[in-house]
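Residues per chain are reported as follows:
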Amino acid sequence: MTSRTDALLDRFLAGLAAVEPVAVWAHGSLAGGDYQEGRSDLDLIAVLPGPLAPGTVWALARLHARLRGEPLAPLLHCSYLTPRGTAGPERRHLTWAHGELFRRPVTPVTRRELLDFGRVLHGEPPRALLPPVSDGALRDFVVRDQRDTWRPAVDVAHLWRRDVWVDLGLLTFARATATLRDGRLITKRQALDDLPALGAPPEVVADVARRRYPGGAGAAGAGEGGDAGDAAGAAEGGEAGEGGEGAGGADWPARRAELTRAYLAPAIDDLVAAHA
């Protein structure tokens, strides 16, 4: 990590101390080794000691409001659990993301990331507080996410003119494939390397690589972690630096959208059919 990321995390942890967290963990690219400052989200989980009373919720809202002026603060997302509420991936937890507080689940993918390679920023490790995630539960979630979230989105044509939908749609599909085929949780960079072998359009893969990894790092055909099912993040604007027109001329966004949708529709259908 860099000094700006460290400084934001230090300020966040210092502010969070007022509510006496049991544990604070990082997952996604911040834990998995694919973090890119200014592009990657800072995906965090905090376990607080008891029920989230109104005063605690107010304190959390004030903490995030105080951090708004930090350069990377819009990328800091945190879900707040309690020790008694760690079980049950369907349970919705208080979460700060995209500039507001709301409730959403901590998915089986996030839970497995935490158990396998979560980074401890404070307190107890994930294995001391989180129940295990079975391979079956992980597979079931990934299939549902591809079938119920990403496949319907492929049919909404205008979404795919945006960088964030192309990038996350393709990368999430490649990550889902790795998980369903052999149980691996892979980073976005690894997913990009897998896409050519999965039959993704080469010019689209190259476009994604140019924008996400401009230094040329990466392998096959060209070259972050985060949760599967990040369509909600795409709808909110996605990761920093997304939404541009790309480097292929005025007609490229439309052409890229056609290529991506033509690839993903049958690819997702086949993946779901093979693993449902």
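Attention in this report is confined to the structure presented alongside it. (Residues numbered from 1 in each chain as written. Predicted model: local features only at pLDDT ≥ 70, side-chain atom pairs only at ≥ 80, totals over all residues. Heavy atoms only, no water.)

## Digging into the overall build of the protein
Consideration 1: Across its full length, the protein holds 10 helices and six strands.
Consideration 2: Buried positions account for 49% of the 276 residues belonging to the protein.
Consideration 3: Accessible surface computed for the protein: about 11,900 Å², of which carbon and sulfur atoms make up 52%. (Helix = DSSP H or I, 4+ residues; strand = E, 2+ residues; numbered from the N terminus. Buried < 20%, exposed > 50% of the residue type's maximum accessible area, 1.4 Å probe, protein only. Areas by Shrake-Rupley, 256 points an atom, 1.4 Å probe, with all protein chains shown as cover.)

## A few points about the pairing of strand β4 (residues 92-97)
Consideration 1: Of all six residues in β4, five are buried, a share of seventy percent or more.
Consideration 2: For β4 and strand β5 (residues 100-105), the ladder comprises six bridges, and the chain directions are antiparallel. Bridged to Trp 96 within β5 is Leu 101.
Consideration 3: In this structure, the hairpin formed by β4 and β5 is closed by a connection of two residues, where His 98 is found at a positive phi of approximately 55°. (Pairing = 2+ DSSP bridges.)

## Quick word on the pattern of salt bridges
Consideration 1: This model, assessed by the stated rule, comprises 18 salt bridges.
Consideration 2: We note a salt bridge from Asp 207 to Arg 211, for which the minimum N-O separation is 2.9 Å. Residue Asp 207 and its partner Arg 211 are both found in helix α8 (residues 202-212); the two are separated by four residues, about one turn of the helix. You'll find Asp 207 and Arg 211 in the same group, each marked buried.
Consideration 3: Overlapping salt bridges, with partners in common, bring together Asp 163, Asp 167, Asp 207, Arg 210, Arg 211, Arg 212 and Arg 256 in one network. (Salt bridge = Lys/Arg side-chain N within 4 Å of Asp/Glu carboxyl O.)

## Quick look at helix α1 (residues 3-16)
Consideration 1: Under the 1.5 Å per step criterion, the end-to-end length of α1 is 20 Å for 14 residues, consistent within 8% with the ideal 20 Å.
Consideration 2: If you check which residues of α1 are buried, you get Thr 5, Leu 8, Leu 9, Phe 12 and Leu 16. Axial view of α1: buried residues confined to an arc of 95°, hence all on one face. Exposed residues lying more than 90 degrees from the buried face of α1 are Ser 3, Asp 10 and Ala 14. (Expected span 1.5 Å × (residues − 1). Arc of directions from axis to C-beta.)

## Some points on the nonpolar core
Consideration 1: Ranked by internal contacts, the top residues of the largest apolar core, which has 51 residues, are Trp 160, Leu 170, Leu 192, Leu 195 and Leu 264.
Consideration 2: Taken together, the elements giving at least two residues each to this core come down to β1 (23-26), β2 (42-47), α4 (108-117), α5 (135-154), α6 (163-182), α7 (188-194), α8 and α10 (252-275).
Consideration 3: The element contributing the most residues to this core is α6, with 11 residues.
Consideration 4: Other than its neighbours up to four places away in sequence, Leu 264 contacts Val 154, Trp 160, Gly 169, Leu 170 and Phe 173.
Consideration 5: By size, the runner-up hydrophobic cluster in this structure holds 23 residues, among which are Ala 26, Tyr 35, Leu 44 and Cys 78. (Core = buried A, V, L, I, M, F, W, Y, C linked by side-chain atoms within 4.5 Å. Contact = heavy atoms within 4.5 Å.)

## Thoughts on the packing of α5 against α6
Each pair of packed helices gets described by two things: the angle between the helix axes and the distance between those axes.
Consideration 1: α6 packs onto α5 with a crossing angle of 150° between their chain directions and a minimal axis gap of 10 Å. Here α5 lies roughly antiparallel to α6, going by the angle between them. The handedness of the crossing between α5 and α6 comes out as left-handed. Taking contact as the criterion, the partners of Leu 138, Arg 139, Val 142, Val 143, Asp 145, Gln 146, Trp 150 and Ala 153 in α5 are, on α6, Trp 165, Leu 168, Gly 169, Thr 172, Phe 173, Ala 176, Thr 179 and Leu 180.
Consideration 2: Its residues assigned to classes, the contact of α5 with α6 shows 10 nonpolar, four polar and two charged. (Axes fitted to C-alpha atoms, helices over the stretch in contact; angles between N-to-C directions. Parallel < 35°, antiparallel > 145°, perpendicular 65-115°, else oblique. Left-handed = near helix turned anticlockwise from the far one by under 90°. Nonpolar A, V, L, I, M, F, W, Y, C, P; charged D, E, K, R; others polar.)

## Structural notes on the side chain of Thr 86
Consideration 1: Looking at the secondary structure, you find Thr 86 in the loop between β3 (76-81) and β4.
Consideration 2: Among the polar contacts made by the side chain of Thr 86, one reaches the main-chain carbonyl oxygen of Pro 83 at a distance of 3.4 Å.
Consideration 3: One polar contact links the side chain of Thr 86 to the main-chain carbonyl oxygen of Leu 129, over a distance of 3.0 Å.
Consideration 4: Not counting the four nearest positions on each side in its chain, Thr 86 is found in contact with Leu 81, Arg 111, Leu 129, Leu 130 and Pro 131. (Polar contact = N/O pair within 3.5 Å; in protein donor to acceptor, adjacent residues only side chain to side chain.)

## So, the packing of aromatic side chains
Consideration 1: Counting across every chain of the model gives four aromatic pairs.
Consideration 2: Considering the side-chain rings of Trp 160 and Trp 165, the 5.7 Å spacing of their centres and the 65° angle between planes classify their relative orientation as edge-to-face. (Phe/Tyr/Trp six-rings, centres within 6.5 Å; stacked < 30°, edge-to-face > 60°.)

## Quick notes on unusual backbone geometry
With glycine set apart, most residues show a phi of negative sign, and most peptide bonds adopt trans.
Consideration 1: Of note in the backbone geometry, Glu 20 takes a positive phi value of approximately 55° without being a glycine.
Consideration 2: Tracing the chain through its elements places Glu 20 in the loop between α1 and β1.
Consideration 3: A residue is classified by how much of its surface remains accessible, and Glu 20, at 59% relative accessible area, is exposed.
Consideration 4: The residue His 98 is not glycine, and still its phi comes out positive at about 55°.
Consideration 5: Topologically, His 98 is positioned in the loop between β4 and β5.

## What about the packing of α1 against helix α3 (residues 54-66)?
Consideration 1: Where α1 contacts α3, the two axes come as close as 10 Å, and the packing angle between them is 155°. What the angle tells us is that α1 and α3 run roughly antiparallel. The way α1 lies across α3 gives a crossing that is right-handed. On the side of α1, the interface is formed by Arg 11, Phe 12, Gly 15 and Leu 16, while α3 contributes Leu 60, Leu 63, His 64 and Arg 66.

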